[in-house]
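A look at the structure
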Amino acid sequence: MITYLIQDPQGASKEEAPPWADSPAPEIDAYGQLPKLASTFDHVDGLFYFTYAVCIFFFVIITGVLLYSAVAHRRKTWDQKPISNFTHNTPLEVIWTIIPLIIVMVMFAWGFKGALDMTTVPQAAKQNTYKASAKQWAWTFTYPDGTESYSEVWFEVNKPVHVITESQDVLHAFYLPSMRVKRDVVPGRFQSVWFEPTMKGDFHLFCAEYCGKSHSRMYSKVHVVDSATFASQPWNQVPEDDAPIEDRIAYGKQLWKGAGCYACHNITGIENTGPSWKAGPEGSPEMGLFTKNADGEIVGTQREVSENGEVTTITVDEDYIKESIAYPAKKIVWRGRYKVGGMPAANLSDDKLSCLIDFMKSLADN
Ligand code: CUA
């Protein structure tokens, strides 16, 4: 449906490119494979290549024998009688049952050992425990010291890390393909995974379980950094009130992506699940959050909201935004209907909120 494509935020604008769009891709070797990036590589890649080799070996043998037999033993004249009427060969059948069974058992034992090693968390990793909390459609990471980051996470290189995952709503999956780490995130349950990143760089974290409309946008950037960079807590640097406005706006924009706002709120004026933060083109129902008045001052727009079932007109201001983030169900904006429960509450500190609001204001048009 064309309307869906127009509303789809995926191609809406360059502004909404994935957060890692400007990072260099990790280098790959001549076989298209990544260098060893984490402790989990040996378990996964070893078994993968073994399985791959077994498949190629048997493909060549079986196809070869089939082709050879079809050609060499073909019927050469129309009235040729069958040479034999074999239906069984017990020794042969035993052999082609036992050999694959042994091979499959090797794969099983190998995979089982790998799975055990990857889920049995060593003491060193337990002392470096993160929490990865998934919700539609963003990740929140809690560090061992209790600080948090959104949709971007920092790990220290060569230090085993233990990640406990939890879901706030539906099934998700914690998938870090470059580190060969994957774990389902099951509601009502804590799942554990550990690994040791062995190379610095920026990597992708995906959600690998279909979790709703914006599943494909539920990605994060993983930074593996040295201990000095890690100690400076790059995720915890909120610009001060008196910082240059561009820095505050840039940080607010990061939060828009990072805290998951972007999954529903466009900054392009295009309709999405939630109201666009920027006004849409003439005639669009999207009025944006802020606008410029005749004197060029940034003022809140007017919007109709439903509060306890009563529709009122309010003017957007900082209090309204803060209230809406903390209590999304309080004042509901019309989205085809007044839909309560569409937005998850976010717990953002005041300094972060104020950068986010500066970013919202920077989207004001006249
Ligand atoms: Cu979360 Cu898919």
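These notes cover the structure that comes with them. Quantities reported herein were computed from a predicted structural model and do not represent experimental measurements. (Residues numbered from 1 in each chain as written. Predicted model: local features only at pLDDT ≥ 70, side-chain atom pairs only at ≥ 80, totals over all residues. Heavy atoms only, no water.)

1. So, the overall build of the protein chain
- When helices and strands are tallied, the protein chain shows eight helices and 15 strands.
- Evaluated residue by residue, the protein chain yields a buried proportion of 37% over its 366 residues.
- Summarising the internal contacts of the protein chain: among those between residues at least 6 apart in sequence, 62% fall at separations of at least 24.
- Of the roughly 21200 Å² that the protein chain leaves accessible, carbon and sulfur atoms contribute 60%. (Helix = DSSP H or I, 4+ residues; strand = E, 2+ residues; numbered from the N terminus. Buried < 20%, exposed > 50% of the residue type's maximum accessible area, 1.4 Å probe, protein only. Contact = heavy atoms within 4.5 Å. Areas by Shrake-Rupley, 256 points an atom, 1.4 Å probe, with all protein chains shown as cover.)

2. Some thoughts on the packing of helix H2 (residues 41-72) against helix H3 (residues 90-119)
- H3 packs onto H2 with a crossing angle of 165 degrees between their chain directions and a minimal axis gap of 9 Å. Taken together, the axes of H2 and H3 lie roughly antiparallel to each other. Viewed along their axes, H2 and H3 form a crossing whose handedness is left-handed. Contacts from His43, Val44, Gly46, Leu47, Phe50, Thr51, Val54 and Phe58 of H2 reach H3 at Ile99, Ile103, Val106, Met107, Trp110, Gly111, Gly114, Asp117 and Met118.
- In terms of residue class, the contact of H2 with H3 is built from 11 nonpolar, five polar and one charged. (Axes fitted to C-alpha atoms, helices over the stretch in contact; angles between N-to-C directions. Parallel < 35°, antiparallel > 145°, perpendicular 65-115°, else oblique. Left-handed = near helix turned anticlockwise from the far one by under 90°. Nonpolar A, V, L, I, M, F, W, Y, C, P; charged D, E, K, R; others polar.)

3. Quick word on the state of the cysteines
- Considering all chains together, one arrives at zero disulfides under this definition.
- Here Cys261 is not cross-linked by a disulfide; its sulfur's nearest cysteine counterpart is in Cys264, at 9.2 Å.
- When its relative accessible area of 16% is taken as the criterion, Cys261 is described as buried. (Disulfide = S-S within 2.5 Å.)

4. Some remarks on the side chain of Ser276
- Structurally, Ser276 is set in the loop between helix H6 (245-258) and strand E11 (290-292).
- Accessibility expressed as a relative area gives 0% for Ser276, which makes it buried.
- Polar contacts involving the side chain of Ser276 include one to the main-chain carbonyl oxygen of Asn266, which spans 3.3 Å.
- Within the local environment of Ser276, its side chain forms a polar contact with the backbone nitrogen of Gly269, the two atoms lying 3.0 Å apart.
- The contact partners of Ser276, leaving out residues within four places of it in the chain, are Asn266, Thr268, Gly269, Ile270, Glu286, Gly288 and Leu289. (Polar contact = N/O pair within 3.5 Å; in protein donor to acceptor, adjacent residues only side chain to side chain.)

5. Here we look at the pattern of salt bridges
- This structure, assessed with the given rule, holds 11 salt bridges.
- Linking Asp226 and Lys200 is a salt bridge whose minimum nitrogen-to-oxygen distance equals 3.7 Å. Taken as a pair, Asp226 in the loop between strand E10 (219-225) and helix H5 (227-231) and Lys200 in the loop between strand E8 (191-195) and strand E9 (201-207) lie far apart in primary sequence, 26 residues in all.
- Look at Asp226 and you get partly exposed, because its relative accessible area is 28%.
- Using a relative accessible area of 48% as the deciding quantity, one classes Lys200 as partly exposed.
- Its salt-bridge partner being Lys331, residue Glu323 comes within 2.8 Å of it at the nearest N-O pair.
- Glu323 sits in the buried class, given a relative accessible area of 19%.
- Among the residues examined, Lys331 registers a relative accessible area of 17% and is labelled buried.
- In the salt-bridge network here, residues are joined through shared partners; they are Glu307, Glu323, Lys330 and Lys331. (Salt bridge = Lys/Arg side-chain N within 4 Å of Asp/Glu carboxyl O.)

6. Here we look at the environment of Val186
- Its place among the elements puts Val186 in the loop between strand E7 (181-185) and E8.
- Here the alpha-carbon distance between Val186 and Gln168, two residues 18 residues apart in the chain, equals 9.2 Å.
- Setting aside residues up to four positions removed in sequence, Val186 forms contacts with Ser167, Leu171 and Gln191.

7. Things to note about H2
- Between its terminal C-alpha atoms H2 stretches 45 Å, which fits the 46 Å expected from 32 residues at 1.5 Å a residue.
- Taken together, the buried positions of H2 are Phe41, Asp45, Leu47 and Val54.
- Of the surrounding secondary structure, the elements contacted by the buried residues of H2 are H3. (Expected span 1.5 Å × (residues − 1).)

8. Here we look at unusual backbone geometry
- Gln136 connects to Trp137 through a cis peptide bond whose omega is 0 degrees.
- With respect to the helices and strands, Trp137 occurs in the loop between strand E1 (129-135) and strand E2 (138-142).
- The backbone of Arg180 sits at a positive phi, close to 60 degrees, despite the residue not being glycine.
- Considering the arrangement of structural elements, one finds Arg180 in the loop between strand E6 (172-176) and E7.

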